[in-house]
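Fold and contact review
As a plain string of letters, each chain reads:
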Amino acid sequence: MISGHESPPDKPLPGALEACGLSATEAAHRLAAEGPNLLPGSAPKSGLAIVRKVVMEPMFLMLLAAGGIYLALGDPAEALFLLGFVFVVIGITLIQERKTQRALESLRELSAPRALVIRDGQEQRIPGAGVVRGDVLVLHEGDRIAADARLFEGQLEVDESLLTGESVPVAKLPDAATSVGAMNEAPGRPKQSSAPSGGSAVREATSVGAMLYASTVVTRGVGLAEVQAIASATAVGRIGADLAATTEPPSALQRASHQLVRRLGAAALLLAGAQVLLGWWWNGRPLLESILSGIALAMAILPEEIPVILTVFLALGAWRISKQKVLTRRMSAVEALGAITVLAVDKTGTLTMNRMEVAELDTGSARFTPDGASELPEAFHLLTEFAMLATPGDPFDPMEKAIHRFGHDWLAGTEHVHDGREAEFEYALSGEILAMTRVFASSAPTQHLLATKGAPEAVADLCHLPVERREAIHAQVEAMAERGLRVLGVARGRWSGTPAAPDAAPLWPKSQHDFDFEFLGLLGLADPPRPEVPAALAECRRAGVRVIMLTGDHPATARAIARQVGLSERPEVITGAEMAALDDAALRERLRQVDLCARLQPAHKLRLVMMLRAGGEVVAMTGDGVNDAPALKAADIGIAMGERGTDVAREAASLVLLDDSFARIVGAIRQGRRIDDNLRKATRFTFAVHVPVIALTLVPTLLQWPVLLMPVHIVLLQLLIDPACSIVFEADPEASGLMERAPRPVSDSPFGMAPLGYAVLQGLGVAGLLLAGYAWLAAQGWNAAQGRSVVFSTLMLSVMLLILANRDLRRPVFRGMTDANPLLWRMVMAMGGLLAAVLGLPWLRQLMGLALPGPAGLAAAAALLALCILWLEGVRRAGWRRAEASGQTRQRHA
């Protein structure tokens, strides 16, 4: 744990200049001297911890028991071989853990919180770990605060429920005033006041103060703060590691696998006990030999590879997905990617470039487009001026940034630019009124200037226009929206208000409807579609994934963008107001018919996700704002925007798009399907390969045959099975036609009856052939060592056959050798080398209880291997026909 550093908040830090922040040199010096800004958390597992975990595994304990029994029987060679294999198991586990750990560490680096700081007078986005004492933090709505800091400019409201348990945001002011109403008068950055609610012009907060605390969230406002404490010296760091480091609960697949392994473990104990009794009482074997046979059976039954498969596949899968610029924050999302049936995506920034520019102005009597123009005609000055006044001076929204850029470009040098002018009060956009109003002081003490912008129909309503004028504005809006423009209405007004006391703020009206406005005109903004989106949407359609567009824009704009990118052939649009008017059953039915949702508020998104899920869909949804967090959490997979998204949205999401591109989501779905495919291959192989091992251990006892498989044989097989499960299958490339099939049903688990039944059927056939082959050899007068050699050699080669048979169920077994997998041929060479060593080295052959097979033995093994191939091919053909029929049925339903 790295200790933090702090200084008293009332004592200025040397070198921290509030105007320009620290210099890069000073920041680097402090980082080196005081360490990174990391909260106490879980350190990566040490090698010793991994070894300790292996020692407590059931398989390890059984190996130790078997080694002890061999020593008691006077077989030190067998004992040393088993105990030596313990170190091999530890080595394999260390390699797997390190590989998984490296993948997780790279993901942690990508997902580490970032902070916007001022250094050398410039705003810079840096990792949260790089924040040092004295840094100046630039804070916006939705940011998670990186360190304990003192607010010295601006006004904020902060959610401190992590520390206090109180859900009401706390107001923060530089002067620590005791009245929230002072937010209207304090100097600094533009205020982000909400619209009055509940009949009160100002929402109350629990407390007021200038100190900000690490890990709390800015819910409203803009401000600058100077860092006072980092790392464990912060308030959250002093509370302890429990708040700083949380453990992700196991996914549904991990829970199902743990339950299955526990059941098989219990079955292994029962059958092993029965094996000991049968061998000792029924067959008359010595007790220690019977116990060895029981241990061998328990080792054969226990599928200890399953937890390893899940850990390795999910961790490496998340790492592979990160290469597609999609960060995985929750491993359960990797499982769900292959089952997505609906993608609900924001238009702005995901389907479009998020390069918003003012493309058109319309006053009703005149129209202006900047293309080819050299100056802005006087008729549009007032419209542009009040659009800027209605926009915060330091905006976060791309549309508001575009308005400021346009105004500064076209009104530079005129009296219409009012940089630094602070609003006295603000009415924020709300579900009731899709417009925002900012109130400014004027030269007359009781006179106030009003600037409003928002949805054209809402602004026209605030202006109380006659029906004819509204219809004309509506026609203008429709024409602009049909060209793909996002349209805003702009208005101005004046209000006379007197304070209740000489030094008090005016008593602001409860609603924007209480003002009188003059409609100034329309402002159209363009955001071109991303060039890669049409191809990605076409890929979604082929993959059976339906895409729904979510936007706050006008319905005509939504239709225009949908046409440009080829999102849907259905022109129907549902608006937020229409959604609110429908009951749940009617909304579920309507959502089956529409792919475009316009004029949406965050609450509409949450309901939309819930209704889609209630209709049986597996929903992935994108979001970027603080208010999107509930919908992101409610979706099966919440996807936050990495570039423009808030910290709150990113933390609520399962995935984060690092470059906000829709094509990245499609790439993640492709990777998710590949991971799911390979996980199923590995699971099938694991259960298929355990069946013949179990049969060759159990059946000889029941039939009073000599022992065919001993613990030494089983541990040798584990040298092949473990890497095949966790490494070879994980590296398999994606199957052809991966994105041309319907999403898998969410209930379709790799541990279900159908896939496990298929695997058991594969294994039963191999087991039956090997047992029949041994019985025939024994009838021909072959001794136990010769028969065991043929059976064990064929079993080792059958492991390779089962790998090939489970790589692609659509193609014959040996066609599995042709697919590009860099690890497959290494596996073949390792298997060949191991088999040659077992049969060719006299001491190892004797240790394993084998004999040289000779030409007759090789011929017998080849015949058994050919029969195994025929069996696996027959199972594959029957299984594929059944799976194909099931898939066609599913595609018709989709």
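Please refer to the structure placed before this passage.
Just so it is clear, the structure is predicted and the values come from calculations on it, not from any experiment. (Residues numbered from 1 in each chain as written. Predicted model: local features only at pLDDT ≥ 70, side-chain atom pairs only at ≥ 80, totals over all residues. Heavy atoms only, no water.)

1. Some remarks on the sheet that holds strand β22 (residues 655-657)
Sheets are built from strands that pair by backbone hydrogen bonding, the pairs being arranged parallel or antiparallel. The strand order β8-β22-β21-β20-β9-β17-β19-β18 describes an open sheet built from eight strands, whose pairing is mixed. Whereas interior strands pair on both sides, the edge strands pair on one side only; in this sheet they are β8 (326-328) and β18 (573-575). On average, each strand axis in the sheet is inclined to that of its neighbour by 20°, with strand direction left out of account. Pairing of strand β9 (residues 342-346) with strand β17 (residues 546-550) involves five bridges; the strand directions are parallel. Counterpart to Ala 344 in the pairing with β17 is Ile 548. (Pairing = 2+ DSSP bridges. Helix = DSSP H or I, 4+ residues; strand = E, 2+ residues; numbered from the N terminus. Axes fitted to C-alpha atoms, helices over the stretch in contact; angles between N-to-C directions.)

2. Structural notes on the pairing of strand β20 (residues 619-623)
Walk down a regular strand and you will see the side chains alternate between the two sheet faces. For β20, the tally of buried residues reaches five of five residues, placing the bulk of the element in the interior. The two faces of β20 match: Val 619, Met 621 and Gly 623 on one face and Ala 620 and Thr 622 on the other face are all buried. Of the pairings in the sheet, the one linking β20 to strand β21 (residues 637-641) comprises four bridges and is parallel in character. Along β21, the bridge assignment pairs Ala 620 with Ile 637. (Buried < 20%, exposed > 50% of the residue type's maximum accessible area, 1.4 Å probe, protein only.)

3. What about helix α24 (residues 662-702)?
Here α24 is 41 residues long and its end C-alpha atoms lie 60 Å apart, about the 60 Å a rise of 1.5 Å per residue gives. The backbone nitrogen of Ala 663 lies 3.3 Å from a side-chain oxygen of the residue at the head of α24, namely Ser 661. Gln 704, located one to two residues past α24, shows a positive phi value of around 60°. (Expected span 1.5 Å × (residues − 1). Polar contact = N/O pair within 3.5 Å; in protein donor to acceptor, adjacent residues only side chain to side chain.)

4. Focus on empty space enclosed by the protein
Summed over all chains, the structure comprises three cavities of 30 Å³ or more. Computed from the structure, the largest cavity encloses a volume of approximately 80 Å³. Those elements that provide at least two residues to the lining of the largest cavity are α20 (584-591) and α21 (602-614). For the lining of the largest cavity, the residue count by class is three nonpolar, one polar and four charged. Approximately 70 Å³ is the volume attributed to the second largest cavity. Taken together, the residues of the lining of the second largest cavity break down into seven nonpolar, no polar and five charged. (1 Å grid on protein atoms, 1.4 Å probe; cavity = no way out; pocket = protein on both sides within 12 Å on 5 of 7 lines; lining within 4 Å. Points joined across faces, edges and corners; volume = space filled by probe spheres on them. Nonpolar A, V, L, I, M, F, W, Y, C, P; charged D, E, K, R; others polar.)

5. What about the sheet that holds strand β10 (residues 357-362)?
Spatially, seven strands are ordered β11-β10-β16-β15-β14-β13-β12 in an open sheet, and the strand pairing comes out antiparallel. A single partner strand is all that each edge strand has here, and the edge strands are β11 (367-368) and β12 (425-427).

6. Focus: the nonpolar core
Among the nonpolar cores identified, the biggest contains 79 residues, and Phe 685, Leu 696, Leu 717, Phe 792, Ile 803 and Met 848 are the most heavily contacted of them. For this core, the element with the highest residue contribution is helix α27 (residues 784-805), accounting for 12 residues. Leaving out residues up to four positions away in the same chain, Met 848 has contacts with Phe 81, Met 710, Val 712, His 713, Leu 716, Arg 788, Phe 792 and Val 838. (Core = buried A, V, L, I, M, F, W, Y, C linked by side-chain atoms within 4.5 Å. Contact = heavy atoms within 4.5 Å.)

7. Describing the pairing of β10
In this sheet, strand β16 (residues 517-526) lies alongside β10 in antiparallel orientation, the contact comprising five bridges. Paired with Glu 357 across the bridge in β16 is Ala 526. With two bridges joining them, β10 and β11 adopt antiparallel strand pairing. Considered in β11, the bridge of Asp 362 is made with Arg 367. The turn joining β10 and β11, which pair antiparallel and follow one another in sequence, is formed by four residues; a positive phi near 95° is taken by Gly 364.

8. A look at the pattern of salt bridges
As enumerated under the stated definition, the model contains 39 salt bridges in all. For the salt bridge of Lys 605 with Asp 628, the shortest nitrogen-to-oxygen distance reads 3.4 Å. A residue pair is termed long-range when its members are at least 10 positions apart, and Lys 605 in helix α21 and Asp 628 in the loop between β20 and α22 (629-634) qualify at 23 residues. Judged by its relative accessible area of 9%, Lys 605 is buried. We classify Asp 628 as buried; its relative accessible area is 5%. (Salt bridge = Lys/Arg side-chain N within 4 Å of Asp/Glu carboxyl O.)

9. Digging into the packing of aromatic side chains
Within this structure, the stated rule accounts for 11 aromatic pairs. A ring pair is formed by Phe 368 and Phe 380, whose centres lie 5.7 Å apart and whose planes are at 45°; its orientation type is tilted. With Phe 368 in strand β11 and Phe 380 in the loop between β11 and α13 (381-389), this residue pair connects regions lying 12 residues apart in the sequence. On the basis of relative accessibility, which here comes to 6%, the residue Phe 368 falls in the buried class. A relative accessible area of 3% means that Phe 380 is categorised as buried. (Phe/Tyr/Trp six-rings, centres within 6.5 Å; stacked < 30°, edge-to-face > 60°.)

Taken by themselves, the reported measurements are silent on function.
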